[in-house]
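Structural characterization, general
Each chain is listed here by its residues.
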Amino acid sequence: MGDYRIIEVKQSVFADNNADAALLREELTADGTFLINLMSSPGAGKTTTLKRTIAALADTVRMGVMEADIDGEVDAAAIEAAGAKAIQIHTGGMCHLDADMTRQGIREFGTKDLDLVVLENVGNLVCPAEFDTGAMRNVMILSVPEGDDKPLKYPLMFRNCQLVLVNKCDVLPVFDDFDCARVEERIHFRNPDCKVIFLSAKTGEGFDEWIEILRTWITEFKQGQMTPPVHYDI
Amino acid sequence: MHELGVVFSVVRQVETVCMENAVTKVNKVVLELGEVSTVIPAYLVDCWQWAIKRTQILQETELEIRMIDAVTYCEDCEKEYPTVKHGKICPYCGSEKTYLLCGNEFIIKELEVE
């Protein structure tokens, strides 16, 4: 018999991330910085949506964007060109951002003078949904060409979002099998409380509603009236 | 890659426990993994082998994975059934008012140390 002993640990691995996320939320609340976790598939229009959002908020909201990608810095360059503070995080091959990586990025960024930070998560509908990043609101972009069946295929993503932006509505006449009523119904099947906005980052259609929600959220957050989202692991 | 991220978390948590207990060598880490935890055991082991080479005290540490069956409960007929086989819809009464009882665990159960 070997000369060894057993240490009982009984710790959930996800619990570690949940604790990191809670800590980051606390710090950001003290700083007065509202963090949004923006998720979507690759190519759904996260960066284009952000560029238009930056332009719409430029006069009243001090905004920063954290770009998370496996490699490259094209997104950060595009955001800086649009007029917001940007930082690029490389996940080094990982498919999602966890709370600790988000916190490191935020600390490097320095959020004291920012009202709003948007974390542009890795383009992926699976893994980013599983990890609480410490954001106060999770927003997902679903673009019309991806199809209206996505809420059926990626349940957790839709469950963990408080808002879905249905983007690229300008191409609805071409993708005429995409049914707006059906997609809304399917999103609410996964998450009855989820808000849905139809918009186009290209034409600006529907943007007023999205900007209005952002402004309301920032105000609620700054007044301490916002409750953190419930995070589902499965 | 998803498993890589969770392996980093496991390594970090195990290192913390070792530090708190003044442990210098770990023979084995025992994980409990639910059937529907979204983590694939074979990939987890591959990532583990890669990640431990970058640590001080876990270089030789074996990873043992104990699987936990997923069980779902039906609120309408109050029966339990295996999740993987039947999914969200109750095989007895067809209800969708069901919830997972267990099977999404990802727990560091214990460490075998010298």
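Figured I'd write up the structure that's included with this text.

**Considering the overall build of chain A**
For chain A, the helix and strand inventory stands at eight helices and eight strands. On C-alpha atoms alone, chain A measures out to a radius of gyration of 18 Å, which is about the 17 Å that the 2.2 N^0.38 rule sets for 234 residues. Seen through its C-alpha atoms, chain A measures out along the principal axes to roughly 75 × 40 × 40 Å. When the 234 residues of chain A are sorted by exposure, 55% land in the buried category. In chain A, of all internal contacts separated by at least 6 residues, the share reaching a separation of at least 24 is 74%. Total accessible area on chain A is roughly 10,200 Å²; 51% of this is exposed by carbon and sulfur atoms. A distance of 2 Å separates the average location of the 23 positive side-chain charges in chain A from that of its 38 negative side-chain charges.

**Here's the deal with the state of the cysteines**
Cysteine pairs can be linked by a disulfide, which is a covalent bond between their two sulfur atoms. Going through the model one piece at a time under the given rule, you end up with zero disulfides over all chains. The structure places no disulfide on Cys74 of chain B, whose sulfur is separated from the nearest cysteine sulfur, that of Cys93 of chain B, by 3.7 Å.

**Quick look at the sheet that holds strand β3 (residues 71-74) of chain B**
All names here are of chain B. Read from one edge of the open sheet, three strands run β4-β3-β5, paired in antiparallel fashion. The two strands at the open ends of the sheet, each matched to only one other strand, are β4 (80-82) and β5 (98-102). Taking each pair of neighbouring strands and ignoring which way they run, the sheet shows an average axis angle of 35°. Across three bridges, the pairing between β3 and β4 is antiparallel. Across the sheet, the residue bridging to Tyr73 is Glu80, located in β4.

Reading the values: rules and limits
Residues numbered from 1 in each chain as written. Chains lettered and ligands numbered in written order. Predicted model: local features only at pLDDT ≥ 70, side-chain atom pairs only at ≥ 80, totals over all residues. Heavy atoms only, no water. Helix = DSSP H or I, 4+ residues; strand = E, 2+ residues; numbered from the N terminus. Rg over C-alpha atoms; globule rule 2.2 N^0.38 Å. Buried < 20%, exposed > 50% of the residue type's maximum accessible area, 1.4 Å probe, protein only. Contact = heavy atoms within 4.5 Å. Areas by Shrake-Rupley, 256 points an atom, 1.4 Å probe, with all protein chains shown as cover. Lys, Arg positive; Asp, Glu negative; His and termini not counted. Charge placed at Lys NZ, Arg CZ, Asp CG, Glu CD. Disulfide = S-S within 2.5 Å. Pairing = 2+ DSSP bridges. Axes fitted to C-alpha atoms, helices over the stretch in contact; angles between N-to-C directions.

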